[in-house]
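Examination of the molecular architecture
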Amino acid sequence: MAEIGDLHHLITRRRLLGVASVGALALTSPSRAETTIDLPLPGGPGARPITTGFPQKGPMILQRTRPPLLETPFEVFDKGVFTPNDQFYVRWHWAVIPTDIDIGKFSLTVRGHVNRTLSLSLNDILHGLPSVQLSAVNQCSGNSRGLFQPRVPGGQWANGAMGNALWTGVRLKDVLDKAGVKPGSVQVRFKGLEEPVVADAPHFMKSLDIDHARDGEVMIAYAMNGEQLPLVNGFPLRLVVPGWYATYWVKMLNDIEVLNEPDTNYWTKVAYTIPDTPHANIKPGETNVKMVPINRMVPRSFVTNIASSQQVKSGAPTTLRGITFGGDCGVASVDYSIDRGKSWHQAQLGKDEGNYGFRQWQTQFTLPSPGKYTLLTRCTNSNGVAQPDTPNWNPAGFMRNVVESVDIIAA
Amino acid sequence: MYGSFLRAIILLGVASMPFVARAATPFELTSVRIDLPDSDRMFPDGPGSDAINNNCLACHSAGMVLNQPALSKQAWAAEVNKMINNYKAPVALEDVGQIVEYLTGLRGAK
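Residues numbered from 1 in each chain as written. Chains lettered and ligands numbered in written order. Predicted model: local features only at pLDDT ≥ 70, side-chain atom pairs only at ≥ 80, totals over all residues.

1. Observations regarding the overall build of chain A
Counting its secondary structure elements, chain A contains five helices and 26 strands. Relative to the compact-globule value of 22 Å for 411 residues, chain A shows a C-alpha radius of gyration of 22 Å, a close match. Counting the 411 residues in chain A, one finds 50% classified as buried. Sequence separation of at least 24 residues holds for 67% of the intrachain contacts in chain A that already meet a minimum separation of 6. (Helix = DSSP H or I, 4+ residues; strand = E, 2+ residues; numbered from the N terminus. Rg over C-alpha atoms; globule rule 2.2 N^0.38 Å. Buried ≥ 20, exposed ≤ 12 C-beta atoms within 10 Å, placed from the backbone. Contact = placed C-beta atoms within 7 Å.)

2. Looking at the overall build of chain B
Across its full length, chain B holds five helices and two strands. Secondary structure elements of chain B occur, N-terminal to C-terminal, as α-β-β-α-α-α-α. Restricting to contacts in chain B with at least 6 residues of sequence separation, those with at least 24 account for 54%.

3. Section: the nonpolar core
Residue and element names in this part refer to chain A. Counting 131 residues, the largest nonpolar core has Trp167, Met219, Ile220, Ala221, Leu239 and Val240 as its most contacted members. Residue contributions to this core peak at six residues, all from strand E13 (residues 219–224). Mapped onto the domain boundaries, this core takes at least three residues apiece from domain 2 (107–271) and domain 3 (300–410). Not counting chain neighbours up to four residues away, the residues in contact with tryptophan 167 comprise Gln133, Leu134, Ala136, Met219, Ala221, Met224 and Val240. (Core = buried A, V, L, I, M, F, W, Y, C linked by C-beta atoms within 7 Å. Domains from an automatic or database assignment.)

4. A word on the confidence of the model for chain A
For chain A, the average pLDDT comes to 92, and 92% of its residues sit at 70 or higher. Taken together, the stretch residues 1–31 of chain A has pLDDT below 50 and engages in 49 contacts with residues farther than four places along the chain or on a different chain. (pLDDT = per-residue confidence, 0-100.)

5. Things to note about the sheet that holds strand E8 (residues 118–121) of chain A
All names here are of chain A. Strand order in the open sheet formed by five strands is E8-E7-E15-E11-E12, and the pairing between neighbours is mixed. In this open sheet, the two strands that pair with only one neighbour each are E8 and strand E12 (205–209). For this sheet the average axis-to-axis angle between neighbouring strands, irrespective of direction, equals 20°. (Pairing = 2+ DSSP bridges. Axes fitted to C-alpha atoms, helices over the stretch in contact; angles between N-to-C directions.)

6. Some details on the packing of helix H2 (residues 49–56) of chain B against helix H5 (residues 96–106) of chain B
Residue and element names in this part refer to chain B. For the pair H2 and H5, the least separation of the axes is 8 Å and the interaxial angle reads 110°. Comparing the axis directions of H2 and H5 gives the class roughly perpendicular. Touching Ser49, Ala51, Ile52 and Asn55 of H2 are Gln98, Ile99 and Tyr102, all from H5. Residue composition of the contact of H2 with H5, grouped by class: four nonpolar, three polar and no charged. (Parallel < 35°, antiparallel > 145°, perpendicular 65-115°, else oblique. Nonpolar A, V, L, I, M, F, W, Y, C, P; charged D, E, K, R; others polar.)

7. Considerations on the sheet that holds strand E26 (residues 404–410) of chain A
All names here are of chain A. The strand order across the open sheet built from five strands is E19-E26-E25-E21-E22, with neighbouring strands paired in mixed fashion. Each having just a single partner strand, strand E19 (310–312) and strand E22 (345–346) make up the two edges of the open sheet. Direction of pairing for strand E21 (residues 331–337) relative to strand E25 (residues 371–381): antiparallel, over a ladder of six bridges. Pairing of serine 333 across the sheet is with threonine 380, part of E25.

8. Quick look at the environment of B:Val65
Relative to the assigned elements, B:Val65 resides in helix H3 (residues 63–66). With 39 residues separating them in the primary sequence, B:Val65 and B:Thr104 have C-alpha atoms 11 Å apart.

9. Remarks on helix H4 (residues 73–85) of chain B
Compared with the 18 Å implied by 1.5 Å per residue over 13 residues, the 18 Å span of H4(B) between its first and last C-alpha is a close match. Packing partners of the buried residues in H4(B) comprise H5 of chain B. (Expected span 1.5 Å × (residues − 1).)

10. Let's talk about the confidence of the model for chain B
Detail in the predicted coordinates should be disregarded across regions flagged by low pLDDT. Residues and elements named next belong to chain B. Per-residue confidence for chain B gives a mean pLDDT of 82; residues scoring 70 or more make up 75%. Averaged over each element, pLDDT in chain B is lowest for helix H1 (residues 2–16) (45) and highest for strand E2 (residues 32–33) (98). Low confidence marks residues 1–19, where pLDDT is under 50. Its contacts with residues over four positions away, or in another chain, come to 29 contacts. Across the predicted assembly, pTM comes out at 0.89 and ipTM at 0.88.

11. Section: helix H3 (residues 172–179) of chain A
Residue and element names in this part refer to chain A. By the burial criterion, the buried members of H3 are Leu172, Val175, Leu176 and Ala179. One side of H3 carries all its buried residues, which in axial view fall inside an arc of 95°. Buried residues along H3 sit against strand E7 (107–112), E8, strand E10 (162–171), helix H4 (210–213) and E13. Count one or two residues on from H3 and you reach glycine 180, which has phi positive near 80°. (Arc of directions from axis to C-beta.)

12. A short note on unusual backbone geometry
All names here are of chain A. In this structure, the amide linkage connecting arginine 66 to the following residue, proline 67, adopts the cis form with an omega of -15°. Following the sequence through the fold, proline 67 ends up in the loop between strand E3 (60–64) and strand E4 (69–71). Omega for the peptide link from phenylalanine 235 to proline 236 comes to 5°, which places this bond in the cis form. Among the secondary structure elements, proline 236 is positioned in the loop between E13 and strand E14 (238–240).

Right, dumping it as structure tokens:
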């Protein structure tokens, strides 16, 4: 087992030895599955355990135990625009995640192309800088990947790899100003405490352009929905990049590096790239496509109070309710159709909690006669961008935002 | 209780300013120490199951692999090579073929 020499974590070493002697395993207790859910993934498999085995978390759809991938059960989104912390989805890249965070010892380093290298304590951040807050959707680049056709490898999420929270923290701009960004800086790179199991594997890091990093909206959050973050959601500090996919929202953020040349690290340059085409869409098998880092989110809308195959009364009013978000801007309108898109009707939008958050929508409609119907919902954002009628496709399963449909039966 | 009180204040703050607004109250953090659950799930027995169990479970549990859709042998080979080349998985060279065969056969993929 020469490869053990390449692994630098005791826990991993124990695991490698463990798996080599199957039957003599004495690992920590597995996450207990109370029940299962069947996600509607074309061709399957869609069965997943619902787990309550993760500390600080409620019932979650178990996509992977280690490193954790936990999906939010979709009915949670019907309860309001703020996704509860204990059911907010979870996604980690590497398995070595600190599970013991001492707030007195934690520090955030700001270094690189700056006038002063900083080592900020949590006290410095909570009490030494102006605090700001913002409602913003955090959505995995691969949310809904399991619905791609043809199917693609990766986390097989349904639509629950997203959530909206009220984030409280400090402006990244204020932190960078404290360090003094030197002229000629081009990007800012962010790194958290998670570490790869294999020593020479690429540490997870993401970068933003300097002007984006200093736009006054990108923030370092220490609270979500008025509470400290659950550890698996990035306690104690998480980057919040409003309107951008969650890959940039680095968890357990402890290192900020100002760069005077573009970041070429694996996670920015190679991973998380999309075809540079409308809707990041290509034909399956298409090659020689220019790829660019994934960036701004696109509009989406969902029905949350009626599930597919549900029965409703014909000839009587039915309430339809859901959530929407504009992606990188606010929501202009949500329209729905009960005749497969022949005609569209505008729904009522709920309270505006800010451009980057979820917004509820609601309407009432009457299905004229018994039969099968397909409900469609479509968000048009405040930049005039609407959800497309046909699904996009790309090999990584990123940026799905097709008009959603719900099949219902009127009786 | 403190949390819900604080949340109410924050919600009020945001209601009046849809963009970035000043927080209304000081906030304190508490140290956290947890144990993350682990999985002892193994890949189902079959030709190559020893190879995949021995090489792949150091970095991730089996569940997500078993949740994958039916993929072609070519697609599985690309995944295994990505693990080795991009993520530096210490997979024994002589096991690569067996792992790809195991994955391809897992769900009768085409």
